Amino acid sequence: MAWRSSGATNRDLIENLWNNKLIKDARVKEAFLKVDRAHYAPSHPYDDRPQSIGYGATISAPHMHACAVESLLPYILPTASNPAPRVLDIGSGSGYLTHVFAELVGDSGTVVGVEHIPQLAALGERNMAKSAEGREFLRTGRVKFRVGDGRKGWVETEGEVREGEEEAVERRGMGWDAIHVGASAVEMHDELVRQLRAPARMFIPVDDDESRIEQHIWTVDKDGGGRVERKRLFGVRKPTYITVLSSLGQCFSPG
Ligand code: SAH
């Protein structure tokens, strides 16, 4: 549920998300524990609810962030066959989720946060620079904040290939193992699907409800052979700002 995971401290909040089974994997829990939400949420950082961060944007509620990371987890952890995962966080806003992803991708991994409001891209970077670990992620290029229209995804140049990912890039290209979309889309943008590696997953809220009360969270999976499968997971109540992913609905398990 949206509110019952609130806590007095960062640890409290994460333990409550864990006890309420919104975080289910110990590696996800570990990653969330490493990121102090107070660096990203302007007030009441340990409440399980979305909050305004200015410019008509919100930092999503912790249980929604948990849901997104749980869903994308198999694609963002380094493995023998994929030692340098590449994650695109579209609508990076506060930068909080961008930071959580960075905790999971490992030394050679990459997380790019794309934001169409320059002041928010700068905010995400400033927030990340509040911790020593965040500063290290920015210094080494594990995390980059970029200004752009996320509907077009993001294409990195060859000069941005990181040490340790050369072989993976050679084999699998510069696309993304996971794309998280933090703002609702009116359609499944083909360009985003095209930028998924094979295999890869996109987590995306879509405005697909006739009643205009709800949005639905979808995943788009591309398998190793490039075959694409779309799945509608669950509904979330629509927020005031229709471009912003609602965090008011329950986070149901995708299965
Ligand atoms: N995930 C972030 C922000 C969620 S709010 C967090 O939890 O802090 C959605 C964000 O998407 C806002 O910051 C908004 O500015 C951004 N956004 C909306 N449309 C966009 C677009 N077309 N391209 C890039 N960012 C966009």
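Quick note: structure is the one above.
Residues numbered from 1 in each chain as written. Predicted model: local features only at pLDDT ≥ 70, side-chain atom pairs only at ≥ 80, totals over all residues. Heavy atoms only, no water.

Draft legend 1. Looking closely at the overall build of the chain. Looking only at helices and strands, one finds eight helices and nine strands in the chain. In summary, the chain has a C-alpha radius of gyration of 17 Å against a globular reference of 18 Å for 255 residues, a match within 12%. The dimensions of the chain, computed from C-alpha atoms along their principal axes, are 45 × 45 × 35 Å. Put simply, the chain has 255 residues, and 57% of those count as buried. (Helix = DSSP H or I, 4+ residues; strand = E, 2+ residues; numbered from the N terminus. Rg over C-alpha atoms; globule rule 2.2 N^0.38 Å. Buried < 20%, exposed > 50% of the residue type's maximum accessible area, 1.4 Å probe, protein only.)

Draft legend 2. A look at the site of the ligand. Looking at the ligand, there are 19 residues lining it, with H65, S94, E115, D149 and G150 nearest. E115 places a polar side-chain atom, nitrogen or oxygen, 2.6 Å from an oxygen atom of the ligand. Of the residues forming the shell around the ligand, the biggest block, three residues, is contributed by strand β2 (residues 57–59). In terms of residue class, the shell around the ligand is made up of six nonpolar, eleven polar and two charged. (Near = heavy atom within 4 Å. Polar contact = N/O pair within 3.5 Å; in protein donor to acceptor, adjacent residues only side chain to side chain. Nonpolar A, V, L, I, M, F, W, Y, C, P; charged D, E, K, R; others polar.)

Draft legend 3. Representation of unusual backbone geometry in the model. With an omega of 5°, the peptide bond running from A198 to P199 counts as cis. Among the structural elements, P199 can be located in strand β7 (residues 196–206). We note that K21 has phi near 60°; this positive angle belongs to a residue other than glycine. Along the polypeptide, K21 turns up in the loop between α1 (10–19) and α2 (26–34). Positive phi, close to 40°, is recorded for H44, a residue that is not glycine. Mapped onto the secondary structure, H44 falls in the loop between α2 and β1 (51–54).

Draft legend 4. Representation of the sheet that holds strand β3 (residues 86–90). The mixed open sheet is built from seven strands, whose spatial order is β5-β4-β3-β6-β7-β8-β9. Sheet topology places β5 (143–147) and β9 (228–237) at the edges, where each strand pairs with a single neighbour. Each strand of the sheet is rotated relative to its neighbour by a mean of 15°, with strand direction disregarded. Here β3 pairs with strand β4 (residues 110–115) via five bridges, running parallel. Pairing of D89 across the sheet is with G113, part of β4. Strand contacts of helix α4 (residues 96–105): β3, β4, β5 and β6 (176–181), with the helix running at about 165° to β4, the strand carrying the most contacts. (Pairing = 2+ DSSP bridges. Axes fitted to C-alpha atoms, helices over the stretch in contact; angles between N-to-C directions. Contact = heavy atoms within 4.5 Å.)

Draft legend 5. The arrangement of the packing of aromatic side chains in detail. The tally for this structure, following the rule as stated, stands at two aromatic pairs. Look at Y40 and Y96: their rings are 5.8 Å apart centre to centre, the planes differ by 70°, and that puts the pair in the edge-to-face class. Residue Y40 is found in the loop between α2 and β1, and its partner Y96 is found in helix α4; the two are separated by 56 residues along the sequence. As far as the burial class goes, Y40 and Y96 line up, both buried. Positioned over the ring face of Y96 is R37, at 5.7 Å from the centre of the ring. Of note, R86 hangs over the ring of W176, and the distance from its end group to the ring centre comes to 4.7 Å. (Phe/Tyr/Trp six-rings, centres within 6.5 Å; stacked < 30°, edge-to-face > 60°. Lys NZ or Arg CZ within 6 Å of the ring centre and 35° of its normal.)

Draft legend 6. Broad picture of the packing of α2 against α4. Where α2 meets α4, the closest approach of the two axes is 9 Å, and the angle between their N-to-C directions is 125°. Put simply, α2 runs oblique to α4. Two packed elements cross with a definite hand, and for α2 against α4 that hand is right-handed. Of the residues in α4, those in contact with R27, A31, F32 and K34 of α2 are Y96, V100, E103 and L104. Partitioned by chemical class, the residues of the contact of α2 with α4 number five nonpolar, no polar and three charged. (Parallel < 35°, antiparallel > 145°, perpendicular 65-115°, else oblique. Left-handed = near helix turned anticlockwise from the far one by under 90°.)

Draft legend 7. Spatial organisation of helix α5 (residues 118–128). Burial in α5 covers these residues: L120, A121, L123, G124, N127 and M128. Viewed end-on, α5 has its buried residues packed into an arc of 155°, placing them on one side of the element. (Arc of directions from axis to C-beta.)

Draft legend 8. Just α2, in detail. Buried within α2 are the following residues: V28, K29, A31 and F32. The arc that holds the buried residues of α2, viewed along the axis, is 165°, so those residues lie on one side. The inward-facing, buried residues of α2 abut α1, α3 (62–76) and α4. Sitting at the head of α2, D25 places a side-chain oxygen 2.7 Å from the backbone nitrogen of R27.

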